[in-house]
Amino acid sequence: MARDSIATLPNLVSLSRLGMAAVFPFLEGPDERLLLIAAAGATDFLDGYVARSRGAATRIGALIDPFADRCFILVAVFVLWMDGTIDLTATLVLAARDVAVLGVFLATRGAARFKDITFVARPAGKVVTVLQLAALAIAYLSPAWLLASVVAVGVASAVAIADYARILWRGQSPA
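A short tour of the structure in this document, coming up. (Residues numbered from 1 in each chain as written. Predicted model: local features only at pLDDT ≥ 70, side-chain atom pairs only at ≥ 80, totals over all residues. Heavy atoms only, no water.)

Thoughts on the pattern of salt bridges
Summed over all chains, the structure comprises nine salt bridges. For Arg17, the salt bridge is made with Asp47, and the minimal N-O distance between the two is 3.0 Å. Here Asp47 lies in helix 2 (residues 30-53) and Arg17 lies in helix 1 (residues 9-23), a separation of 30 residues in the sequence. Salt bridges sharing common partners tie together Arg17, Asp44, Asp47, Asp65 and Asp69. (Salt bridge = Lys/Arg side-chain N within 4 Å of Asp/Glu carboxyl O. Helix = DSSP H or I, 4+ residues; strand = E, 2+ residues; numbered from the N terminus.)

Focus on the side chain of Arg97
Tracing the backbone shows Arg97 in helix 4 (residues 88-109). Among the polar contacts listed, one links the side chain of Arg97 to the side chain of Asp98, at a separation of 3.0 Å. Sequence-distant contacts of Arg97, defined by excluding residues within four places in its chain, comprise Arg70, Gly125, Val128, Thr129, Gln132, Ser157, Ala160 and Ile161. (Polar contact = N/O pair within 3.5 Å; in protein donor to acceptor, adjacent residues only side chain to side chain. Contact = heavy atoms within 4.5 Å.)

Concerning the packing of helix 2 against helix 5 (residues 123-141)
Remark: helix 2 packs on helix 5, axes separated minimally by 10 Å, with the N-to-C direction vectors making an angle of 165°. Between helix 2 and helix 5, the interaxial angle falls into the category roughly antiparallel. Crossing handedness for the pair helix 2 and helix 5: left-handed. Of the residues in helix 5, those in contact with Pro30, Arg33, Leu34, Ile37, Ala40, Gly41 and Asp44 of helix 2 are Thr129, Leu133, Leu136, Ala137, Tyr140 and Leu141. (Axes fitted to C-alpha atoms, helices over the stretch in contact; angles between N-to-C directions. Parallel < 35°, antiparallel > 145°, perpendicular 65-115°, else oblique. Left-handed = near helix turned anticlockwise from the far one by under 90°.)

What about the packing of helix 3 (residues 59-82) against helix 5?
It is at 11 Å that the axes of helix 3 and helix 5 come closest, and there the two elements cross at 25°. Taken together, helix 3 and helix 5 sit at an angle that is classed as roughly parallel. Crossing of helix 3 against helix 5: the hand is left-handed. Note on element contacts: helix 5 touches helix 3 through Thr129, Gln132, Leu133, Leu136, Ala139 and Tyr140, opposite Asp69, Arg70, Phe72, Ile73, Ala76, Val77 and Leu80.

Digging into the layout of surface pockets
Approximately 990 Å³ is the volume attributed to the largest pocket. Looking at the largest pocket, it is lined by 37 residues, and the ones nearest its centre are Ala62, Asp65, Pro66, Asp69 and Ala121. If you list the elements that add at least two residues to the lining of the largest pocket, you get helix 1, helix 2, helix 3, helix 4 and helix 5. Among the elements that take part in the lining of the largest pocket, helix 3 stands out by supplying eight residues, more than any other. Its residues placed into classes, the lining of the largest pocket shows 19 nonpolar, eight polar and ten charged. (1 Å grid on protein atoms, 1.4 Å probe; cavity = no way out; pocket = protein on both sides within 12 Å on 5 of 7 lines; lining within 4 Å. Points joined across faces, edges and corners; volume = space filled by probe spheres on them. Nonpolar A, V, L, I, M, F, W, Y, C, P; charged D, E, K, R; others polar.)

Section: helix 5
The end-to-end C-alpha distance of helix 5, which contains 19 residues, comes to 27 Å, matching closely the 27 Å that a straight helix rising 1.5 Å per residue would cover. Residues Ala124, Gly125, Val128, Thr129, Gln132, Leu133, Ala135, Leu136, Ala137, Ala139 and Tyr140 constitute the buried set of helix 5. (Expected span 1.5 Å × (residues − 1). Buried < 20%, exposed > 50% of the residue type's maximum accessible area, 1.4 Å probe, protein only.)

Notes on the nonpolar core
Judged by nonpolar contacts, the single largest core of 26 residues is most densely connected at Phe24, Ile37, Phe72 and Ile86. Here Ile37 is in contact with Phe24, Phe72, Leu133, Leu136, Ala137 and Tyr140, once residues within four sequence places are set aside. Listed in part, the five residues of the second largest apolar core include Ala124, Val128, Ala160 and Tyr164. (Core = buried A, V, L, I, M, F, W, Y, C linked by side-chain atoms within 4.5 Å.)

Focus: the environment of Ile60
Residue position: Ile60 is located in helix 3. Of the residues examined, Ile60 reaches a relative accessible area of 30% and is grouped as partly exposed. Considered as a pair, Ile60 and Leu102 are 42 residues apart in the sequence and their alpha carbons are 16 Å apart.

Section: the packing of aromatic side chains
Applying the stated criterion across every chain yields a total of three aromatic pairs. Where Phe45 meets Tyr49, the ring centres are 6.0 Å apart and the plane angle is 15°; that geometry is what we call stacked. Residue Phe45 and its partner Tyr49 are both found in helix 2; the two are separated by four residues, about one turn of the helix. Residue Tyr49 is classed as partly exposed on the basis of its relative accessible area, which comes to 46%. (Phe/Tyr/Trp six-rings, centres within 6.5 Å; stacked < 30°, edge-to-face > 60°.)

Okay, here's the thing in structure tokens:
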């Protein structure tokens, strides 16, 4: 990875999702919220693309990107639940992976046995993020498909959590 600077274009693009998360609760119309959901998805793709294509990946960027994703998604899910767009079950399913990964990340930071493990984006986690953003959009665009999209997020989340657990397990028991 390149220098460890927060002031890189990919990191600034990632950080823009924190601003989007802060604005999301104040948007009242579904069209405005859909636009912000689309922008969050676009910036999630763009930050990684720019980092890879320009050789501008940093350690801090590897932490900022998923943190910004989690913040945006959790805020959006909570707002949709609070305004009645999604029910409590959908809220819990859509947030489960993010809460689990955040909990594991925080729990492992102070443990010596995990000090050499670097949390990086995993393909299963990327799939969950895309499905979560899609489910948020579907809640507005086609509520009849919301249940199917929430089930897809739930299944993908279970796979992603198992994948992270497997990586941690390997970190605990060197071969």
